[in-house]
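Notes for the structure review
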Amino acid sequence: MLDFIKVHKFSIFCLLALIWIFTVIRTQLKYKKKGERLQGKIVNYVQNSGNFFPVFQFEYNGQHLTVDSYNASKNANELGQTDTIYYIPGNQKGVFRERDLTPKLWMIVMTVVAIAYIILDFIVFNR
């Protein structure tokens, strides 16, 4: 078993990366499908590891809610700006901006590269 892990450690890493990417995409699709499309105003930022996570304030069913965004920005210059967000009722963990719900180019490229490497590793490299 340890020999298998040593020989295929990068393929295992690629498989874990694929699982992570598919989990992110599944979460994004869940918000797009089941979430409420609302207008939210950026009222603050939470800084973590040099990234700024916008805090949105919006109204839902007569309640004023304040929820962080799942996606960060590199700068905090959007304070007071209104943006389209997706909110799942009852979830106070976070919201997604509409522009953050599309798969990014790096996700597509990494998926293709990881799948290609796994195929090469098990079919070509280990003959």
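To be clear, the structure that these remarks concern was listed above.
Summarised in this report is the structure supplied together with it. (Residues numbered from 1 in each chain as written. Predicted model: local features only at pLDDT ≥ 70, side-chain atom pairs only at ≥ 80, totals over all residues. Heavy atoms only, no water.)

Spatial strand order, S3-S2-S1-S4-S5: five strands in an open sheet with antiparallel pairing. Every other strand in the sheet has two partners, leaving strand S3 (63-68) and strand S5 (96-97) as the edge strands with one partner each. Note: strand S2 (residues 51-60) against S3, six bridges, orientation antiparallel. Residue pairing for S3: Val-55 is matched across the bridge by Asp-68. (Pairing = 2+ DSSP bridges. Helix = DSSP H or I, 4+ residues; strand = E, 2+ residues; numbered from the N terminus.)

Another aspect to go through is the pairing of strand S1 (residues 36-48). Looking along a regular strand, one sees side chains alternate from face to face of the sheet. Here six bridges tie S1 to strand S4 (residues 82-87), and the two strands are oriented antiparallel to one another. Bridged to Gly-40 within S4 is Asp-83. Pairing of S1 with S2 involves seven bridges; the strand directions are antiparallel. Each residue of the ladder has a partner; that of Asn-44, found in S2, is Val-55. Hairpin connection, S1 to S2: the antiparallel pair is bridged by two residues, and Ser-49 has positive phi, about 55 degrees.

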